[in-house]
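# Working through the structure, step by step
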Amino acid sequence: MKPKLFIDGEHGTTGLQIRQRIAARDDLEVLSIPEAERRNAALREELLKSADIAILCLPDDAAREAVAMLTDAHTRIIDTSTAHRTHDDWVYGFAESEPGQGERIAEARYVSNPGCYSTGAIGLLRPLTRAGILPGDYPVTINAVSGYTGGGKQMIAQMEDEARDDHIAAPHFLYATALRHKHVPEIQSRSGLAVRPLFSPSVGRFAQGMLVQVPLHLDAMDGRPAMGDIHAVLAKHYDGQDIVEVVPLAESAAIARLDPTEMAGTDRMKLFVFGTDGDGQVNLVASLDNLGKGASGAAVQNLDLMIGA
Ligand SMILES: NC(=O)C1=CN([C@@H]2O[C@H](COP(=O)(O)OP(=O)(O)OC[C@H]3O[C@@H](n4cnc5c(N)ncnc54)[C@H](OP(=O)(O)O)[C@@H]3O)[C@@H](O)[C@H]2O)C=CC1
Ligand SMILES: CC(=O)N[C@@H](CCC(=O)OP(=O)(O)O)C(=O)O
């Protein structure tokens, strides 16, 4: 029998992209809710309980409500919201982040899909703390730019519709300037950092794509590693899989400009180590689609692990 899938929030930005990714598949029975009924709680509850797997593409509060509806049901859940990303009962849905994580996702009832910025930051940081090359108390700074679809339907409308009172005309803007972005606890705990990372995100006038930068002073790290040591730890960690690519140092050195939309439309992530050997500094950069490996692509990857596809 085909597994029954319900995407709660299927008419939103993340939900629509998941539907596109599974549209041609015949190994799933997709339960769907009409757009006009998307907030009909009774109908959603019925569909959630009928499904073998539900993917929640909802704001945090609505995701918590959906999980509460399923307490006594058998439905397995992938939550794309922030609600359960640091929760002990939930398996973190970043298969490449830890050895054996794909197997844990495959067995799980509750899977929390990572945030888009978090995927880039944790993807760069976790292998380094795991290997002991980056001390947990290093004061990490993360600078990032995201495509505006990262803000969901509301930000898409604000960026694209000039007639709106709340139209955003800026080509690029910083936000979360109080340094309390909702991804900080997730990045800190899932990267194994003892000190709260300083995270400064921004949005650019492009729909999809993202660069997440982590600059490091190598002389402040244990054993004063060389640029090649950092690259070797990342390359070893991601060896043997094809979703996260660690770009060779020579290839990175030849890049004069990095385009944040380079990975748009893909479900993969590229990691770069930039700098000049011997200068004691590196800039680690993750490039991904905020809606690909950063959300909907990762959700489909987790779905496939859970159903053994
Ligand atoms: N966009 C991105 O790049 C990423 C998003 N996420 C997460 O994915 C989740 C969804 O985000 P996104 O798709 O961008 O958001 P959108 O606003 O684009 O879509 C959310 C959908 O959920 C519906 N919805 C809202 N409240 C309820 C409710 N109480 N009951 C039922 N349906 C409801 C909305 O309907 P309505 O139109 O009526 O508001 C809309 O269809 C969020 O938790 C977000 O944090 C995670 C990673 C990246
Ligand atoms: C550009 C933009 O607004 N981005 C969103 C995060 C997008 C993302 O990863 O989402 P979740 O944490 O919601 O999963 C924000 O900063 O709130």
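Residues numbered from 1 in each chain as written. Chains lettered and ligands numbered in written order. Predicted model: local features only at pLDDT ≥ 70, side-chain atom pairs only at ≥ 80, totals over all residues. Heavy atoms only, no water.

## Notes on the site of ligand 2
- In the vicinity of ligand 2 there are 15 residues, among which Arg-85, Cys-116, Tyr-175, His-181 and His-183 approach most closely.
- Separating an oxygen atom of ligand 2 from a backbone N or O atom of Cys-116 is a distance of 2.8 Å.
- His-181 has a polar side-chain atom sitting 2.6 Å from an oxygen atom of ligand 2.
- Burial of ligand 2 by the protein chains amounts to 84% of its free accessible area of 430 Å². (Near = heavy atom within 4 Å. Polar contact = N/O pair within 3.5 Å; in protein donor to acceptor, adjacent residues only side chain to side chain. Areas by Shrake-Rupley, 256 points an atom, 1.4 Å probe, with all protein chains shown as cover.)

## Some words on the UniProt feature "active site" (unreviewed entry) in the chain
- Mapped onto this numbering, the UniProt entry annotates "active site" (unreviewed entry) at Cys-116.
- Residue position: Cys-116 is located in helix α5 (residues 116-130).
- Excluding residues that lie within four positions of it along the chain, Cys-116 makes contacts with His-183, Met-210, Leu-288, Asn-290 and Gly-294. (UniProt positions renumbered as here; feature names shortened; annotations may be inferred. Helix = DSSP H or I, 4+ residues; strand = E, 2+ residues; numbered from the N terminus. Contact = heavy atoms within 4.5 Å.)

## Here we look at the sheet that holds strand β1 (residues 4-8)
- Read from one edge to the other, the open sheet built from six strands follows the order β2-β1-β3-β4-β6-β5, with strand pairing classed as parallel. Taken across any chain shown, the strands that pair with only one partner, and hence form the sheet edges, are β2 (29-31) and β5 (91-92).
- Relative to strand β6 (residues 110-112), strand β4 (residues 76-79) is paired through three bridges, and the arrangement is parallel. Residue Ile-78 lies in a different strand from β6, and its bridge partner there is Val-111. (Pairing = 2+ DSSP bridges.)

## Things to note about the nonpolar core
- In terms of nonpolar packing, the biggest core is built from 40 residues, with Leu-128, Leu-134, Ile-142, Val-212, Leu-216 and Leu-284 touching the most fellow members.
- Those elements that place two or more of their residues in this core are α5, β7 (141-147), α7 (184-191), β10 (210-217), α8 (227-237), β11 (244-246), β12 (269-274) and β13 (281-288).
- For this core, the leading source of residues is α5, giving seven residues. (Core = buried A, V, L, I, M, F, W, Y, C linked by side-chain atoms within 4.5 Å. Buried < 20%, exposed > 50% of the residue type's maximum accessible area, 1.4 Å probe, protein only.)

## So, unusual backbone geometry
- At Ala-176, a residue that is not glycine, the phi angle is positive and equals roughly 55 degrees.
- Mapped onto the elements, Ala-176 comes out in the loop between β8 (172-174) and α7.
- Although it is not a glycine, Leu-179 sits at a positive phi angle of roughly 65 degrees.
- Within the secondary structure, Leu-179 sits in the loop between β8 and α7.

## Examining the site of ligand 1
- Taken together, 23 residues surround ligand 1, and among them Thr-13, Thr-14, Arg-39, Leu-58 and Lys-153 come closest.
- Within the contact set of ligand 1, an oxygen atom lies 2.8 Å away from a backbone nitrogen or oxygen of Thr-14.
- Taking Lys-182, its side chain carries an N or O atom lying 3.4 Å from an oxygen atom of ligand 1.
- Starting from 900 Å² of accessible surface for ligand 1 in isolation, the protein chains cover 85%.
- Secondary structure elements with two or more residues in the shell around ligand 1: α1 (13-22), α6 (152-160) and α10 (292-307).
- Here the residues of the shell around ligand 1 are counted per class, giving six nonpolar, eleven polar and six charged.
- Summarising the domain contributions, the shell around ligand 1 has at least three residues from each of domain 1 (4-114 + 295-307) and domain 2 (116-291). (Nonpolar A, V, L, I, M, F, W, Y, C, P; charged D, E, K, R; others polar. Domains from an automatic or database assignment.)

## With respect to the pairing of β12
- In terms of burial, β12 is a largely internal element, six of the six residues being buried.
- Along β12, one buried face is formed by Met-269, Leu-271 and Val-273 and the opposite face, lined by Lys-270, Phe-272 and Phe-274, is buried too.
- Strand direction decides the pairing type here: β11 and β12, joined by three bridges, are parallel. Bridged to Val-244 within β12 is Met-269.

## Considering the domain arrangement of the chain
- Structurally, the chain comprises domain 1 (4-114 + 295-307) and domain 2 (116-291).
- On a C-alpha basis, the centres of domain 1 and domain 2 stand 25 Å from each other.
- Between domain 1 and domain 2, the contact holds 23 residues from the first and 28 residues from the second.
- Summed over both sides, the interface between domain 1 and domain 2 buries roughly 1900 Å², with carbon and sulfur atoms accounting for 48% of that surface. (Buried area = accessible area lost by both parts, 1.4 Å probe.)

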